[in-house]
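Chain and residue survey
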Amino acid sequence: MEENMSEKIEDKLYKLKYNTDSKCHLNPDESKCLQCIEKTCTIVCPANVYSYNENEKKLAVSYEKCLECGACKVVCKHIQWTYPKSGKGVVYKKS
Ligand code: SF4
Ligand code: SF4
């Protein structure tokens, strides 16, 4: 089937299915996050997995939305990054 190139990324994300793992597969080092100025993970992630709460001084990780693209591990060496357990995580399909 021909891909609709004009489709917005939000619409494409909406079509994905997830088989959520019970265990988080993305584990940032909280002590490093506290000192981190740029919080680059919150900028590069296409699925908005990371959000930083200034009041609580805590990085929230909505791992269930992860697309497993690997961008966050490229920009930050303080994230312990693994794939979800076999069969878990995002499910891509041809449409
Ligand atoms: S995960 Fe990395 S980039 Fe994100 S806040 Fe923590 S140290 Fe900064
Ligand atoms: S692997 Fe990609 S989608 Fe998953 S948290 Fe990192 S940047 Fe976001």
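Residues numbered from 1 in each chain as written. Chains lettered and ligands numbered in written order. Predicted model: local features only at pLDDT ≥ 70, side-chain atom pairs only at ≥ 80, totals over all residues. Heavy atoms only, no water.

**Some remarks on the overall build of the chain**
- A count of helices and strands for the chain gives 4 helices and 6 strands.
- In the chain, the succession of helices and strands from N to C terminus is α-β-β-α-α-β-β-α-β-β.
- Summarising its shape, the C-alpha atoms of the chain cover approximately 45 × 30 × 25 Å along the three principal directions.
- Within the chain, the fraction of its 95 residues that count as buried is 26%.
- Here the chain displays about 7,200 Å² of accessible surface, and carbon together with sulfur accounts for 52% of that area.
- Computed over 16 positive and 13 negative side-chain charges, the inter-centroid distance for the chain is 4 Å. (Helix = DSSP H or I, 4+ residues; strand = E, 2+ residues; numbered from the N terminus. Buried < 20%, exposed > 50% of the residue type's maximum accessible area, 1.4 Å probe, protein only. Areas by Shrake-Rupley, 256 points an atom, 1.4 Å probe, with all protein chains shown as cover. Lys, Arg positive; Asp, Glu negative; His and termini not counted. Charge placed at Lys NZ, Arg CZ, Asp CG, Glu CD.)

**Examining the site of ligand 1**
- P28, C33, C36, K39, T40, C41, L59, C76 and I79 make up every residue found near ligand 1.
- Tallied by class, residues from the shell around ligand 1 come to 7 nonpolar, 1 polar and 1 charged. (Near = heavy atom within 4 Å. Nonpolar A, V, L, I, M, F, W, Y, C, P; charged D, E, K, R; others polar.)

**What about the pairing of strand 4 (residues 58-61)?**
- Summarising the sheet, strand 3 (residues 50-53) and strand 4 pair through 4 bridges and their orientation is antiparallel. Looking at strand 4, one finds that Y50 is bridged to V61.
- The hairpin turn running from strand 3 into strand 4, its antiparallel successor, is 4 residues long, and K57 in that turn takes a positive phi close to 50°. (Pairing = 2+ DSSP bridges.)

**What about the site of ligand 2?**
- The immediate surroundings of ligand 2 are formed by 13 residues, with C45, C66, C69, G70 and C72 found nearest.
- Cavity membership is defined here by more than half of the atoms lying within 2 Å of grid points; on that basis ligand 2 lies in the largest cavity.
- A class-by-class count of the residues in the shell around ligand 2 yields 11 nonpolar, 1 polar and 1 charged. (1 Å grid on protein atoms, 1.4 Å probe; cavity = no way out; pocket = protein on both sides within 12 Å on 5 of 7 lines; lining within 4 Å. Sits in = over half its atoms within 2 Å of the grid points.)

**Side note on the packing of aromatic side chains**
- Scanning the entire structure with this criterion turns up 1 aromatic pair.
- Look at W81 and Y83: their rings are 4.9 Å apart centre to centre, the planes differ by 80°, and that puts the pair in the edge-to-face class.
- On the accessibility criterion, W81 (13% relative accessible area) is buried.
- Its guanidinium or amino end placed over the ring of Y52, K39 lies 4.2 Å from that ring's centre, counting from NZ or CZ. (Phe/Tyr/Trp six-rings, centres within 6.5 Å; stacked < 30°, edge-to-face > 60°. Lys NZ or Arg CZ within 6 Å of the ring centre and 35° of its normal.)

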